[in-house]
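Understanding the architecture of this molecule
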Amino acid sequence: MSNFTIRPIHIDDDAAMAAIIRSVMPEFGAIGSGFAIADPEVDWMQRAYAQPRHAYFVLEQDGRVLGGAGIAPLTGGDASICELRKMYFLPAARGIGAGTAMMARCLAAAREAGFRQCYLETLNGMDAAMRLYERSGFQRIAGPLGATGHGGCNVFYARTL
């Protein structure tokens, strides 16, 4: 396990997170409409996640933001369901236990916000991420929930909190 910190996003982290999202998503072919890379909030993550029942955390190592993840109510879904959102890490943060630690932080925040279930969307090819989701208690479900606008995603997971 490497030396890293997980903390709530600050406004001065917005540019770093936007750059991370825009560099990681194309690695997996997740570009254009139908993917989170096109969401307007990518440029103002701190403001987007400052709302009630929202949380976004960044992974920092040696003063550099290497990734992040958050939770928010599932758009168009039941009020008891949150969505794990925008969990992306630069290559330097992969394989060091950061994903497991970030997942634990996000799921704890979801429980604290009163959610009873967590949902997420991903796509084929994000194999390491899917292994993390499954190790974290998520189970594949047949199709999408809510109305996220991410029609490019083709793999769906949910877990009880």
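Up top is the structure these notes are about.
The structure reproduced in this document is the subject of the present report. Every value quoted in this text rests on a predicted model; they were computed, and no experiment measured them.

On to the environment of arginine 135, then. Secondary-structure assignment places arginine 135 in helix H4 (residues 127-135). Relative accessible area serves as the criterion here: at 60%, arginine 135 is assigned to the exposed category. Distance in space between the C-alpha atoms of arginine 135 and threonine 100 is 8.7 Å, their sequence separation being 35 residues.

Turning our attention to the packing of helix H3 (residues 98-112) against H4. Following both chains from N to C, one finds H3 and H4 inclined at 50°, their axes separated by 10 Å at the closest point. With respect to H4, the axis of H3 lies oblique. Crossing angle aside, the handedness with which H3 passes H4 is right-handed. Contact residues: Gly99, Thr100 and Met103 in H3; Leu132, Tyr133 and Arg135 in H4.

Ranked by internal contacts, the top residues of the largest apolar core, which has 53 residues, are Met17, Leu59, Ile71, Leu84, Met87, Met102 and Tyr133. Residues within four places of isoleucine 71 in sequence aside, it is in contact with Tyr49, Arg53, His54, Ala55, Cys82, Glu83, Leu84, Cys106, Ala109, Ala110 and Phe115. Ile81, Tyr119, Cys153 and Phe156 belong to the second largest nonpolar core, which has five residues in total.

Before going further, it helps to examine H4. Burial in H4 covers these residues: Met130, Leu132 and Tyr133. Seen along its axis, H4 keeps its buried residues to an arc of 155°; they face one direction. Looking at the buried residues of H4, the elements they touch are strand S4 (81-89), H3, strand S5 (117-122), strand S6 (139-141) and strand S7 (155-160). Remark: glycine 137 follows H4 within two positions and exhibits a positive phi of approximately 95°.

The next thing to look at is unusual backbone geometry. The phi torsion of most residues other than glycine is negative, and most of the peptide bonds are trans. Of note in this structure, aspartate 62 is not a glycine but carries a positive phi near 50°. Here aspartate 62 lies in the loop between strand S2 (55-61) and strand S3 (64-73). With a phi angle near 45°, lysine 86 is a residue other than glycine that sits in the positive phi range. With respect to the element layout, lysine 86 can be found in strand S4.

Reading guide: rules and limits
- Residues numbered from 1 in each chain as written.
- Predicted model: local features only at pLDDT ≥ 70, side-chain atom pairs only at ≥ 80, totals over all residues.
- Heavy atoms only, no water.
- Helix = DSSP H or I, 4+ residues; strand = E, 2+ residues; numbered from the N terminus.
- Buried < 20%, exposed > 50% of the residue type's maximum accessible area, 1.4 Å probe, protein only.
- Axes fitted to C-alpha atoms, helices over the stretch in contact; angles between N-to-C directions.
- Parallel < 35°, antiparallel > 145°, perpendicular 65-115°, else oblique.
- Left-handed = near helix turned anticlockwise from the far one by under 90°.
- Contact = heavy atoms within 4.5 Å.
- Core = buried A, V, L, I, M, F, W, Y, C linked by side-chain atoms within 4.5 Å.
- Arc of directions from axis to C-beta.

None of this, on its own, says anything about what the molecule does.
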